[in-house]
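The residues making up each chain are set out below.
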Amino acid sequence: MKRSIIRGNQMRVSNLLTFLFLVTICLNGAFVWAESSSSGRSSETLGEGKDSVMDTNTKSEKIGPVDVEFEMTFNSIETASISDPIQPYNRSIFVFNDKAYYYVVKPMYKGYNKAVPEKARVGVRNFFSNIAMPVRFFNCLFQGEFKGAGTELARFVINTTFGVAGFSDPAKSLFHLEKQNRDFGQTLAKYKIGTGPFVEWPFIGPSSVRDTVGFVGDLALNPLTLLSFFAGPFVSTGVNSYDYMNEVSIDKGETYESITKPAIDPYIALQDAYIQNRIKRIKE
Amino acid sequence: MRYSKIMLVMFIGVFFWAFMSPFAWADDAPGKLVMESIDRGLAVLKEPSLSGAEKVQERRQRLWEEISPVFNFEEMSKRALGVHWKKRSPEEKKEFVELFTDILKNTYIGKTDTYSGEKMEVLRERHDSSYAEVQAKLITNKGTEVSVNYHLVSNHGTWRIYDVVIEGVSLVNNYRSQFNSILLKSSYEELVQRIKEKK
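Residues numbered from 1 in each chain as written. Chains lettered and ligands numbered in written order. Predicted model: local features only at pLDDT ≥ 70, side-chain atom pairs only at ≥ 80, totals over all residues. Heavy atoms only, no water.

1. What about the overall build of chain B?
Stage number 1. Per the secondary structure count, chain B includes seven helices and five strands.
Stage number 2. Order of helices (α) and strands (β) in chain B, N terminus to C terminus: α-α-α-α-α-β-β-β-β-β-α-α.
Stage number 3. When contacts within chain B are restricted to residue pairs at least 6 apart in sequence, those whose partners lie at least 24 apart make up 47%. (Helix = DSSP H or I, 4+ residues; strand = E, 2+ residues; numbered from the N terminus. Contact = heavy atoms within 4.5 Å.)

2. Side note on unusual backbone geometry
Residue and element names in this part refer to chain A.
Stage number 1. Backbone geometry at alanine 165 places phi at a positive 60°, although glycine is not the residue there.
Stage number 2. Assignment of secondary structure puts alanine 165 in the loop between α9 (146-161) and α10 (170-173).
Stage number 3. Accessibility expressed as a relative area gives 37% for alanine 165, which makes it partly exposed.
Stage number 4. One non-glycine residue, lysine 192, lies in positive phi territory at about 65°.
Stage number 5. With respect to the helices and strands, lysine 192 occurs in the loop between α11 (184-190) and β1 (198-201). (Buried < 20%, exposed > 50% of the residue type's maximum accessible area, 1.4 Å probe, protein only.)

3. Focus: the packing of aromatic side chains
Each aromatic ring pair is described using two quantities: the centre-to-centre distance and the angle formed by the ring planes.
Residue and element names in this part refer to chain A.
Stage number 1. According to the stated counting rule, one finds 22 aromatic pairs over all chains in the structure shown.
Stage number 2. Here the aromatic rings of tyrosine 112 and tyrosine 242 are separated by 5.8 Å at their centres, their planes lie at 85°, and the arrangement is edge-to-face. One end of the pair, tyrosine 112, is in helix α6 (residues 87-115); the other, tyrosine 242, is in helix α14 (residues 232-260), with 130 residues separating them in the sequence.
Stage number 3. Residue classification places tyrosine 112 among the buried residues on the basis of a relative accessible area of 10%. (Phe/Tyr/Trp six-rings, centres within 6.5 Å; stacked < 30°, edge-to-face > 60°.)

4. Observations regarding the nonpolar core
Stage number 1. Membership of the largest hydrophobic core comes to 48 residues, with the highest contact counts inside it found for Phe96, Phe100, Tyr150, Leu152, Tyr175, Phe179 and Leu191 of chain B.
Stage number 2. Apart from the residues within four sequence positions on either side, tyrosine 150 of chain B is in contact with Val34, Ile38, Met120, Ala132, Glu133, Val134, Ala136, Ile161, Asp163 and Val164 of chain B.
Stage number 3. Core analysis: the next-biggest nonpolar cluster, separate from the first, contains 15 residues, Phe94, Tyr112, Tyr256 and Leu270 of chain A among them. (Core = buried A, V, L, I, M, F, W, Y, C linked by side-chain atoms within 4.5 Å.)

5. What to know about the packing of helix α7 (residues 118-131) of chain A against α14 of chain A
Residues and elements named next belong to chain A.
Stage number 1. At a minimum axis separation of 10 Å, α7 and α14 run at an interaxial angle of 130°. Overall, the two elements α7 and α14 adopt an arrangement that is oblique. Crossing of α7 against α14: the hand is left-handed. From α7, Arg121, Val122, Val124, Arg125 and Phe128 reach across to α14, where they touch Val239, Tyr242, Asp243, Asn246, Glu247, Ser249, Ile250 and Asp251.
Stage number 2. The residue makeup of the contact of α7 with α14, split by class, is six nonpolar, two polar and five charged. (Axes fitted to C-alpha atoms, helices over the stretch in contact; angles between N-to-C directions. Parallel < 35°, antiparallel > 145°, perpendicular 65-115°, else oblique. Left-handed = near helix turned anticlockwise from the far one by under 90°. Nonpolar A, V, L, I, M, F, W, Y, C, P; charged D, E, K, R; others polar.)

6. So, the pairing of strand β2 (residues 205-208) of chain A
Residue and element names in this part refer to chain A.
Stage number 1. Note: β1 against β2, four bridges, orientation antiparallel. Residue pairing for β2: phenylalanine 198 is matched across the bridge by serine 208.
Stage number 2. Hairpin connection, β1 to β2: the antiparallel pair is bridged by three residues, and phenylalanine 203 has positive phi, about 65°. (Pairing = 2+ DSSP bridges.)

7. Notes on the pairing of strand β3 (residues 145-155) of chain B
Residue and element names in this part refer to chain B.
Stage number 1. Along β3, eight of the eleven residues are buried, which leaves the element largely enclosed by surrounding structure.
Stage number 2. Where strand β2 (residues 131-139) and β3 come together, nine bridges link them in antiparallel fashion. The residue bridging alanine 132 from the neighbouring strand is leucine 152, located in β3.
Stage number 3. Two elements, β3 and strand β4 (residues 158-166), share eight bridges in a ladder whose sense is antiparallel. By the bridge assignment, serine 154 is partnered in β4 with tryptophan 159.
Stage number 4. Between β3 and β4, which pair antiparallel one after the other, the connecting turn spans two residues, and histidine 156 there sits at a positive phi close to 50°.

8. Structural notes on the environment of serine 208 of chain A
All names here are of chain A.
Stage number 1. Within the secondary structure layout, serine 208 lies in strand β2.
Stage number 2. Residue classification places serine 208 among the buried positions, given a relative accessible area of 0%.
Stage number 3. Placed 125 residues apart in sequence, serine 208 and serine 83 show a C-alpha to C-alpha distance of 9.5 Å.
Stage number 4. In this structure serine 208 touches Ile82, Thr195, Gly196, Pro197, Phe198, Val199 and Tyr274, once residues within four positions along its chain are discounted.

9. Considerations on the sheet that holds strand β1 (residues 119-127) of chain B
All names here are of chain B.
Stage number 1. Ordered by their spatial adjacency, five strands build an open sheet running β1-β2-β3-β4-β5, and the pairing between neighbours is antiparallel. In this open sheet, the two strands that pair with only one neighbour each are β1 and β5 (169-170).
Stage number 2. Where β4 and β5 come together, two bridges link them in antiparallel fashion. Paired with isoleucine 166 across the two strands is valine 169, which belongs to β5.

10. Considering the packing of α6 of chain A against α14 of chain A
Residue and element names in this part refer to chain A.
Stage number 1. Packing of α6 against α14 leaves a shortest axis separation of 10 Å and a crossing angle of 125°. Taken together, the axis directions place α6 and α14 in an arrangement best described as oblique. As α6 runs across α14, the sense of the crossing is left-handed. Across from Phe94, Asp98, Tyr101, Tyr102, Val105, Lys106, Met108, Tyr109, Tyr112 and Asn113 in α6, the residues of α14 making contact are Tyr242, Met245, Asn246, Val248, Ser249, Gly253, Glu254, Tyr256, Glu257 and Thr260.

11. Side note on a nonpolar patch on the surface
All names here are of chain A.
Stage number 1. Taken together, Phe96, Trp201, Phe203, Ile204, Phe215, Val216, Leu219 and Tyr244 make up a surface patch of nonpolar side chains, about 760 Å² in accessible area.
Stage number 2. Broken down by element, the residue count for the nonpolar patch peaks at three residues, all from helix α12 (residues 209-221).
Stage number 3. Relative to the helices and strands, phenylalanine 215 resides in helix α12. (Patch = residues over 30% accessible without salt bridge, like charges linked within 9 Å, V, L, I, M, F, W, Y side chains within 5 Å. Areas by Shrake-Rupley, 256 points an atom, 1.4 Å probe, with all protein chains shown as cover. Salt bridge = Lys/Arg side-chain N within 4 Å of Asp/Glu carboxyl O.)

12. A closer look at the confidence of the model for chain B
Residues and elements named next belong to chain B.
Stage number 1. Taken over all residues, the pLDDT of chain B has a mean of 82, while the share at 70 or more is 87%.
Stage number 2. Between the elements of chain B, mean pLDDT differs from a low of 59, seen in helix α1 (residues 2-24), to a high of 92, seen in helix α4 (residues 73-81).
Stage number 3. Taken together, the stretch residues 20-27 has pLDDT below 50 and engages in seven contacts with residues farther than four places along the chain or on a different chain.
Stage number 4. Of the two predicted TM-score estimates for the complex, the pTM is 0.72 and the ipTM is 0.77. (pLDDT = per-residue confidence, 0-100.)

13. A short note on α6 of chain A
Residues that lie three or four places apart on an α-helix share one face, since the helix turns once every 3.6 residues.
Stage number 1. The end-to-end C-alpha distance of α6 of chain A is 39 Å, a good match for the 42 Å that 29 residues give at a rise of 1.5 Å each.
Stage number 2. Helix geometry: α6 of chain A is bent most strongly at tyrosine 101 of chain A, by close to 45°.
Stage number 3. Every buried residue of α6 of chain A is listed here: Gln87, Asn90, Ile93, Phe94, Asn97, Ala100, Tyr101, Val105, Lys106, Tyr109 and Tyr112 of chain A.
Stage number 4. Elements that come into contact with the buried residues of α6 of chain A comprise α7, β1, β2, α14 and α15 (266-283) of chain A together with α6 (171-185) of chain B. (Expected span 1.5 Å × (residues − 1). Bend = angle between axes of the 7 residues up to and from the residue.)

What follows is the structure, encoded as structure tokens:
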């Protein structure tokens, strides 16, 4: 009797998986078709493309002179800057974060690196990133990126099944479905919400008022947050800090060092790098 | 019908390519320059006779000799100082270029010590007669892709890099933000002092 119930459950699970698999194949087919039709279009215009080599001037004028005239004026300096009314407070948090990084986080991840091979750490990153799929999926929808949302859905299905619960990323390596890095901060920016003042958060690092709201929005969309309701805040914090440390151990730590070490004023260097990087991501 | 249309387009394409190429590709220099410099740099990093911890200084020196001619350090310094550049005397400018070059040399050449098989790919380039942008990507051995854009300026037909933009973060703009912030509160002499302390 019990056995048949289990078998029934297994049947249901396998039916579900088959269904998801078929959906994936269909979605993937649609994307391949969409991509090939668009690339087909571009290859047909190859003839025209050739003579556009001649008028690269008109095209590249956008990057050339504009760029330069701009950069040498005072205004452009303002464009990449952010208001920082609470700089003394932010600076003290920065000093705290920097110390915490060198005296706590770094020694910890160095040990972790020795114990866990890189491949496994990248696997863990993929696993957490796969779980956080709803964050990217919903933000794609909010931003009107329906193709991106479809890609995320397809990635989730492929990586959860073939990628063994998301530890590997066959969606990228086999199906060329790139991860859509969309967050709620970008969504807010798309709806013309201003950056707001700069804020440096303990442990989290540089952010702005808008991106802080975005961060909270993303937390609400992240299934890992549900863990704190079911398994209690302690487990949830543990899992989140493990994810955090794993990220730092792969490349976040290196990035932090490569920005702050060569800097004359590391606080400003990190702030500026954060803003420039955010501008690029919002433009994408 | 469709087939003949494709043939026509292809014919036009080949026609244009054959006739335009000497002109169109003649100033293809920026992309090629970046590509070749990366290749020369990687060759130094991969050279067996220069590998190992004890050869660090020799390797850094060789790399610097191969790579530095491609950069226009004066242009970089000028842009990093921004509006403050004009107020400086020729001697101060010269000193600043040297200091700034040293910072870039010490920090970025040192970063190559941990080279472990990363790959660079040049994706595309756009340019007019005096400015160019070469878009490339760095593929780390963890499989992460990092976008790297080189901005070049032409001086009588010689292309030189004046800015490197990594994941949207411009190297020159990053230093300009720092210099500006320092110069808001303190004098130029103090800035120079801080740069010297950095060395």
